[in-house]
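Results of the structural survey
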Amino acid sequence: MSLPFDDERAALFTVGQVAQMLDVQQAFLRRIDDHHVVSPERSAGGQRRYSRREIGRIQEVVTMMGEGMTLPAIRRIFELQHEVAELTRERDELARRLAARDRDRDT
């Protein structure tokens, strides 16, 4: 049986919990949401809810900001990482199709 906390994408944690876990201000979490760097889900009442995956992303943001990066720069890095991951998936799928086609030709 799978429980919600087993899913790294399950939005379970409140702003207060995440702020306490990561030793950051709640205002910081709201700011990175406003800049679309990390966008948590919303509860039925409109409250932000963070997943374990988003908490990891926030840790990355804190590290990058500590290195002097701005929120727009961090958002762009995350966008580029996503694009690279998509292109890698597409390349791998095309390679798989080509290999299958070549196997079919050989038979």
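Conventions and cut-offs
- Along each chain, the written sequence defines residue order, and numbers are assigned to residues from 1.
- With the structure being a predicted model, the display of local features is reserved for residues of pLDDT at least 70 and the display and counting of side-chain atom pairs for 80 or more, all residues being used for whole-chain, interface and lining totals.
- Side-chain metrics rest on all non-hydrogen atoms present in the structure, leaving aside hydrogens and water.
- Per the convention used, a helix needs a DSSP run of H or I reaching at least four residues, while a strand needs a run of E reaching at least two, with both numbered from the N terminus.
- Here the globule rule is a power law, 2.2 Å times the number of residues to the power 0.38, and the radius of gyration is based on C-alpha atoms.
- A simple rule labels every residue: compare its accessible area, found with a 1.4 Å probe on the protein chains alone, to the largest value its type can have, and call it buried under 20%, exposed over 50%, or partly exposed in between.
- Any two residues having at least one pair of non-hydrogen atoms within 4.5 Å are treated as being in contact.
- We count Lys and Arg on the positive side and Asp and Glu on the negative side, and we leave His and both chain ends out.
- Just so you know, the charge point we use is NZ for Lys, CZ for Arg, CG for Asp and CD for Glu.
- Here a cavity denotes a set of grid points, spaced 1 Å apart and computed over the protein atoms alone, in which a 1.4 Å probe fits but from which it cannot get out, and a pocket denotes an open set meeting protein on both sides within 12 Å along at least five of seven lines; residues with an atom within 4 Å of a point are reported as lining.
- Grid points are joined across faces, edges and corners, and a volume is the space filled by probe spheres set on the points.
- Note on residue classes: Ala, Val, Leu, Ile, Met, Phe, Trp, Tyr, Cys and Pro are nonpolar, Asp, Glu, Lys and Arg are charged, and everything else, Gly too, is polar.
- All axes are obtained by fitting lines to C-alpha atoms, using only the stretch in contact for helices, and the reported angles, taken between N-to-C directions, cover 0 to 180 degrees.
- Oblique is the label for any angle not under 35 degrees, not over 145, and not in the 65 to 115 range, which are roughly parallel, roughly antiparallel and roughly perpendicular in turn.
- In this scheme, a crossing is called left-handed if the near helix is turned counterclockwise away from the far one by less than a right angle; it is called right-handed if the turn is clockwise.
- UniProt positions are given in the numbering used here, feature names are shortened, and annotations may be inferred rather than shown by experiment.
- Centres within 6.5 Å make a pair out of two Phe, Tyr or Trp rings, where for Trp the six-membered ring is used; the pair is then stacked when the planes are under 30 degrees apart, edge-to-face when over 60, and tilted otherwise.
- In our convention, an over-ring charge means Lys NZ or Arg CZ found within 6 Å of a ring centre and within 35 degrees of that ring's normal.

Some thoughts on the overall build of the protein
- When you go through the protein residue by residue, the secondary structure sums to four helices and two strands.
- For the protein, the sequential pattern of α-helices and β-strands runs α-α-β-β-α-α.
- The C-alpha atoms of the protein give a radius of gyration of 19 Å, which is well past the 13 Å a tight globule of 107 residues would have.
- Considered along the principal axes of its C-alpha atoms, the protein spans approximately 60 × 40 × 20 Å.
- Counting only residues that meet the buried cut, the protein has 23% of its 107 residues in that class.
- Within the protein, counting contacts between residues at least 6 apart in sequence, those at least 24 apart form 53% of the total.
- Positive and negative charge centroids in the protein, built from 18 and 19 side chains respectively, lie 2 Å apart.

Description of the layout of surface pockets
- As a volume, the largest pocket reaches approximately 220 Å³.
- Looking at the largest pocket, the residues that line it are R9, V37, V38, S39, S51, R53, E54, R57 and E60.
- Tallied by class, residues from the lining of the largest pocket come to two nonpolar, two polar and five charged.
- If you trace the second largest pocket, you find it lined by R9, R53, R57, F78, Q81, H82 and A85.
- Those elements that place two or more of their residues in the lining of the second largest pocket are α3 (52–66) and α4 (71–106).

Details of the packing of α3 against α4
- Interaxial distance between α3 and α4 falls to 10 Å at its minimum, and their mutual angle equals 130°. Looking at the two axes, α3 sits oblique to α4. The crossing of α3 and α4 is right-handed. Taken together, the residues of α4 that come into contact with α3 (itself represented by R57, E60, V61, M64 and M65) are L71, I74, I77 and F78.
- Of the residues assigned to the contact of α3 with α4, the class counts are seven nonpolar, no polar and two charged.

Quick look at the UniProt feature "domain: HTH merR-type" (unreviewed entry) in the protein
- Mapped onto this numbering, the UniProt entry gives "domain: HTH merR-type" (unreviewed entry) at residues 12–80.
- Across residues 12–80, the secondary structure splits into 61% helix and 6% strand, with the terminal C-alpha atoms separated by 27 Å.

What to know about the UniProt feature "coiled-coil region" (unreviewed entry) in the protein
- Following the UniProt record, one finds the feature "coiled-coil region" (unreviewed entry) at residues 77–104.
- Secondary structure across residues 77–104 comprises 100% helix and 0% strand; the distance between its end C-alpha atoms is 41 Å.

Structural notes on the packing of aromatic side chains
- Applying the stated criterion across every chain yields a total of zero aromatic pairs.
- Sitting over the face of the ring of F78, R57 holds its NZ or CZ atom 3.8 Å from the ring centroid.

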